[in-house]
Amino acid sequence: MWYSKFQKRCRWLAFAGLVFICIFSYYLLQQSVPNKIRIVAGREETFDLKVPITGEVEDSGIEVLTNQSPKVDGPVHIDMNQTFTLKSSQEGTFSIDCKMFGIFSFKEVDVEVVSDEMVVPCGIPIGIYVKTNGILAIGTGTVTGIDGMNYEPAYHVIKSGDYIKTVNEQAVSTKEELIEKVNQFGAEDLVLGLVRNGEYTQIKITPVKVGEEEYKIGVWVRDDMAGVGTMTYYTADLEYGALGHPVSDADTSTTIQLEEGLLYETKIVGITKGEKGKPGELAGIIDYEEKYCMGTVSGNSESGIYGKLNQVPAALTSESYVPVGMKQEMELGPATIISSVSGERREYDIHITSLDFNCESENKGIQFSVTDEELLNLTGGIVQGMSGSPILQNGKLVGAVTHVFIQDSTKGYGIFIENMLKH
């Protein structure tokens, strides 16, 4: 009897193990095949995925080279277990239908054919100033009324991350305007129009009288933000990209919804080296005089900030354009980053250790280690303020620095440059 039960348990364990192996293998295959591929029009792009999957491409002006099936009417078949090459002479989009055993649909890979682009890699420090699109609520607090009692009028009414847009249907855009309107309407209930999680809503709140003709609603707010980062590239029409990650509010951990912004020249005046568990940072001075304004900030997204320069920055007037490298062109091994942490713009050696084409966070697809002794001695590796530093490999701009490993400042993350250019 006991032997029979033992056999049954063994069979169940073997079955459970088989199921686990199948699920894990399926997951690995999903991660090994990119969700999206970008190729440059007119250029042959080679892929070496080494996965036991078959792909089908509808014949629509797309050439599949190296291991394509004989020319017949209908879709072209790709053996993804072997090296294959894609080429298209015109821009556009198409898809590859991936199948297991040539029968079961596995996933669909979107392929975008883009123009060949040349950019100037920058690596210079920038001062960033942005105005929020509305007044950002960063928290609520207690206010002491004129009667000496404590009140929390905004508690569970206004949430961190809300953007206050109107007071009793009158527009407000600064902290000063909000204070003015609250005092203007006095003790009467206020209807605040705000944007919460991307949707407009209205809430009612009752101000607390704290003094003669002075009222408060018990909310901490912010209407602007400033910081230091690094410019990644600019194009022939002076459009730029920087940071490789969004400008976020430190208190609410949300991406700033900006109304407008400006870019300023910045001078690095100090470096705090990174330590285990404590990232370092660059200290910079931003001069807000109009003559030091470099351009505008018009966009803030997961892949960085964007805008247009007034002119080519003085530090970059002699720099040359370089081609953009797609993620499939990258390889593990040596690369460089451009940074001005020493006060002089120069390249530093790094080593690409991992490439994740399907990373959930689009600005962490590249992992690398700093190998340059001069940079390690200067900063300890990657520090805050270096976000946006260009990553170059084989003569092409392939990415930008975005994050540092908190426990090891010699290691960092980067974003594929194609993700920055698609905004």
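Residues numbered from 1 in each chain as written. Predicted model: local features only at pLDDT ≥ 70, side-chain atom pairs only at ≥ 80, totals over all residues. Heavy atoms only, no water.

Undergrad: Could you clarify how one ought to interpret the overall build of the protein in this entry?
TA: Counting its regular elements, the protein contains four helices and 32 strands. Seen through its C-alpha atoms, the protein measures out along the principal axes to roughly 85 × 80 × 50 Å. Within the protein, buried positions represent 46% of all 423 residues. Residue pairs at least 24 apart in sequence account for 66% of intrachain contacts in the protein once pairs closer than 6 positions are excluded. When the accessible surface of the protein is split by element, carbon and sulfur atoms take 50% of a total near 21600 Å². Of the charged side chains in the protein, 35 are positive and 58 negative, and the gap between their average positions amounts to 8 Å. (Helix = DSSP H or I, 4+ residues; strand = E, 2+ residues; numbered from the N terminus. Buried < 20%, exposed > 50% of the residue type's maximum accessible area, 1.4 Å probe, protein only. Contact = heavy atoms within 4.5 Å. Areas by Shrake-Rupley, 256 points an atom, 1.4 Å probe, with all protein chains shown as cover. Lys, Arg positive; Asp, Glu negative; His and termini not counted. Charge placed at Lys NZ, Arg CZ, Asp CG, Glu CD.)

Undergrad: Explain the side chain of S389 to me, please; I cannot follow it from the model alone.
TA: Relative to the assigned elements, S389 resides in the loop between α3 (373-379) and β30 (390-393). A polar side-chain atom of S389 sits 2.6 Å from the main-chain carbonyl oxygen of M386. Excluding its chain neighbours within four sequence positions, the residues that come into contact with S389 are T230, I338, S339, G399, A400 and V401. (Polar contact = N/O pair within 3.5 Å; in protein donor to acceptor, adjacent residues only side chain to side chain.)

Undergrad: How should I be thinking about the nonpolar core in this particular structure?
TA: For soluble globular proteins, the rule of thumb is that nonpolar side chains tend to be buried together. Counting residues in hydrophobic clusters, the biggest one holds 25 residues, and the most contacted among them are M231, Y234, Y240, I256, L263 and I305. Of all the elements in the fold, those that place two or more residues in this core are β10 (125-140), β19 (219-234), β20 (239-242), β21 (258-272) and β23 (293-297). Looking at which element gives the most residues to this core, the answer is β10, with five residues. Beyond its immediate chain neighbours, meaning those up to four positions away, M231 contacts C122, G123, I124, I126, Y240, G241, A242, L263, M294, L309, G388 and P390. Core analysis: the next-biggest nonpolar cluster, separate from the first, contains 22 residues, L282, V383, V398 and V401 among them. (Core = buried A, V, L, I, M, F, W, Y, C linked by side-chain atoms within 4.5 Å.)

Undergrad: Just to check I follow, could you spell out the confidence of the model for the protein for this structure?
TA: Atomic detail in the predicted coordinates should be set aside for any region of low pLDDT. Looking at the protein, pLDDT values average 88 and 90% of them are 70 or higher. Taken together, the stretch residues 68-72 has pLDDT below 50 and engages in five contacts with residues farther than four places along the chain or on a different chain. (pLDDT = per-residue confidence, 0-100.)

Undergrad: Looking at this model, I keep getting lost on the pattern of salt bridges. Mind explaining?
TA: Note on pairing: side chains with opposite charge can pair once their charged atoms come close. For the structure on display, the rule yields 16 salt bridges. A salt bridge links D162 to R196, with the nearest nitrogen and oxygen atoms 2.7 Å apart. Of this pair, D162 sits in the loop between β12 (150-151) and β13 (163-167) while R196 sits in strand β15 (residues 190-196), placing them 34 residues apart in sequence. Here the two residues D162 and R196 agree in accessibility, since each one is buried. Sharing partners across several salt bridges, the network here consists of R43, E45, D116, E329 and K396. (Salt bridge = Lys/Arg side-chain N within 4 Å of Asp/Glu carboxyl O.)

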